[in-house]
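Structure assessment
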Amino acid sequence: MKEYKISKGWAIFIYIIGPLFIALFTWLLFTPLIPGFKNDINPDAYWFLALMSLAMISLMIIGMVDAYKGKFVIDKNKIFTVGVFSTKELLFNEIKGYRIADKFIFIESKNEHKKTIKISTYFEKTAEVKEWLSNNFSDLDIVQIDQERKEILNNQEFGITSKEREVKLTKAFKTAKILNWIGGIIGGWTLFFPNPYEYAIITSIIFPLACLLILKYHHGLIRIDERKDSAYPSIFWAIFSSSMGLCLRGLLDYEIFDYSNVWIPSILILFVYLAILCVGNKEFSRNDNKINFSIIGFALFMYGYSYSTVVTLNCMYDKSEPKIYNATILDKHVSSGKTKTYYLKLTPWGSLKEIEDVSVSQDLYDRLKYNDKVNIYFMNGRFEIPWFEIVEQ
């Protein structure tokens, strides 16, 4: 019998971090009872903070108990895992095969009513577990790829002979690879070096549409969803990279004053794109959770494409005469996350009656100081989506 537990390094990390987080959230939970803090806390905000604190304390306790108790065991005729709340086991003759992901190893059962056994890759000696699995059971990802490849080579929709289908599949892989590279280059060009600007934006708008036509032309041989266990070539990165480059440009370059006229055209573009993609596409013909989640995930980042298409075209081709307003900088601050955003707090201007923050480029942020005056160029927009630009006086 062989037993595998979480690696010592991760166990030590959890045992150190866990109590620290428990102490922090316990302090937040009892803050209203601490003299000097009681009157500073909004009761409505406290209930949210209390629930979050209880959830985090519970999560940390579960994590520490699981680090101590959790294990995966290979016995004489079975495997099993021990967790905080349950023990799962499979006899050797019940094992269908395994799949290896970034953070977990999944061991699936032939019996649909038995749950999959999941092993964290943070366990010690996972390389040994993988070797044992490969020597005794099938890699279900490879099985799936072989099965799909056979289906492709036996599908007469992709060619009359098996040789013709194989040639088409090879060409499809080359096409997908070229498109993914082009999409990455377009995304990088649009995001980092958009010069000439208009050409970069128009290329980023057109390329995902061209990818859509190529998908339809190949009748399902090239697909959107990139799966490790698929024999079909995918152009996910072609569409994602070019779309995200455009999306970030739309967010970084333009300050929209009123979003009322943005939502309808953006949603309309998204629905038209998804309709053309999904109708008649065998990739999405099955109605199961994986397919539905793929469509939802794809729709989320494609909405960024739709939004930025509307915004960039509205502002880039705006021929309206700008109205010029003046404002004074009251404050400035930086919001840090995955990226830094630079904000100026301005006095009311135009139709604004309240003080508001506006985002600006880092270069402009660095040049301006407190109490500096700025000019605000206010434009109507090509599609009547008003926007503005801030420049130093």
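Higher on the page you've got the structure.
Presented here is an overview of the structure given in this document. Bear in mind that the values here come from a model prediction, so they are computed numbers and not experimental data.

Here we come to the overall build of the protein. Within the protein, the regular secondary structure consists of 10 helices and 13 strands. Scaling as 2.2 N^0.38, a compact globule of 393 residues should have a C-alpha radius of gyration of about 21 Å, whereas the protein reaches 28 Å, well beyond that. Taking all 393 residues of the protein together, 39% fall into the buried category. A fraction of 62% describes how many contacts in the protein between residues 6 or more apart in sequence connect residues 24 or more apart. When the accessible surface of the protein is summed, it comes to about 23600 Å², and 61% of that surface belongs to carbon and sulfur atoms.

So, about the pattern of salt bridges. Counted according to the given criterion, the structure contains 12 salt bridges. For aspartate 141, the salt bridge identified is with arginine 99, shortest N-O distance 2.8 Å. Residue aspartate 141 is found in helix α4 (residues 140–154), and its partner arginine 99 is found in strand β5 (residues 95–100); the two are separated by 42 residues along the sequence. Classification of aspartate 141 by relative accessible area gives buried; the value is 8%. According to the relative accessible area criterion, arginine 99 is buried, its value standing at 18%. The closest approach of N and O atoms between arginine 367 and glutamate 392, which form a salt bridge, is 2.5 Å. With arginine 367 in helix α10 (residues 362–367) and glutamate 392 in strand β13 (residues 387–392), this residue pair connects regions lying 25 residues apart in the sequence.

With 15 residues, α4 should cover 21 Å at 1.5 Å per step; its first-to-last C-alpha distance of 21 Å lies within 8% of that length. Listed as buried for α4 are Leu140, Asp141, Glu148, Ile152 and Leu153. Those residues of α4 hidden inside the fold are in contact with β5, β6 (104–109) and α5 (162–192). Taking the backbone nitrogen of aspartate 141 as reference, a side-chain oxygen 3.0 Å away marks aspartate 139 as the first, capping residue of α4.

Another aspect to go through is empty space enclosed by the protein. Summed over the entire model, instances satisfying the criterion amount to one cavity of 30 Å³ or more. Around the largest cavity, the lining residues are Leu346, Thr347, Pro348, Trp349, Leu352, Glu354, Glu356 and Val358. For the lining of the largest cavity, the class distribution of residues is five nonpolar, one polar and two charged.

Looking at the secondary structure, you find leucine 153 in helix α4. Classification of leucine 153 as buried rests on a relative accessible area of 15%. Leaving out residues up to four positions away in the same chain, leucine 153 has contacts with Ser162, Arg165 and Glu166.

Attention now goes to the packing of α5 against helix α7 (residues 236–253). Close contact between α5 and α7 brings their axes to 7 Å; oriented N to C, the two are set at 10 degrees. The angle between α5 and α7 falls in the class roughly parallel. Listed contacts from α7 to Leu179, Asn180, Gly183, Gly184, Ile186, Gly187, Thr190, Leu191 and Phe192 of α5 are Phe236, Trp237, Ala238, Ser241, Ser242, Gly245, Leu246, Leu248, Arg249 and Leu252. Class assignment of the residues belonging to the contact of α5 with α7 gives a composition of 10 nonpolar, eight polar and one charged.

What counts and what doesn't
- Residues numbered from 1 in each chain as written.
- Predicted model: local features only at pLDDT ≥ 70, side-chain atom pairs only at ≥ 80, totals over all residues.
- Heavy atoms only, no water.
- Helix = DSSP H or I, 4+ residues; strand = E, 2+ residues; numbered from the N terminus.
- Rg over C-alpha atoms; globule rule 2.2 N^0.38 Å.
- Buried < 20%, exposed > 50% of the residue type's maximum accessible area, 1.4 Å probe, protein only.
- Contact = heavy atoms within 4.5 Å.
- Areas by Shrake-Rupley, 256 points an atom, 1.4 Å probe, with all protein chains shown as cover.
- Salt bridge = Lys/Arg side-chain N within 4 Å of Asp/Glu carboxyl O.
- Expected span 1.5 Å × (residues − 1).
- Polar contact = N/O pair within 3.5 Å; in protein donor to acceptor, adjacent residues only side chain to side chain.
- 1 Å grid on protein atoms, 1.4 Å probe; cavity = no way out; pocket = protein on both sides within 12 Å on 5 of 7 lines; lining within 4 Å.
- Points joined across faces, edges and corners; volume = space filled by probe spheres on them.
- Nonpolar A, V, L, I, M, F, W, Y, C, P; charged D, E, K, R; others polar.
- Axes fitted to C-alpha atoms, helices over the stretch in contact; angles between N-to-C directions.
- Parallel < 35°, antiparallel > 145°, perpendicular 65-115°, else oblique.

Geometry only, nothing functional implied.
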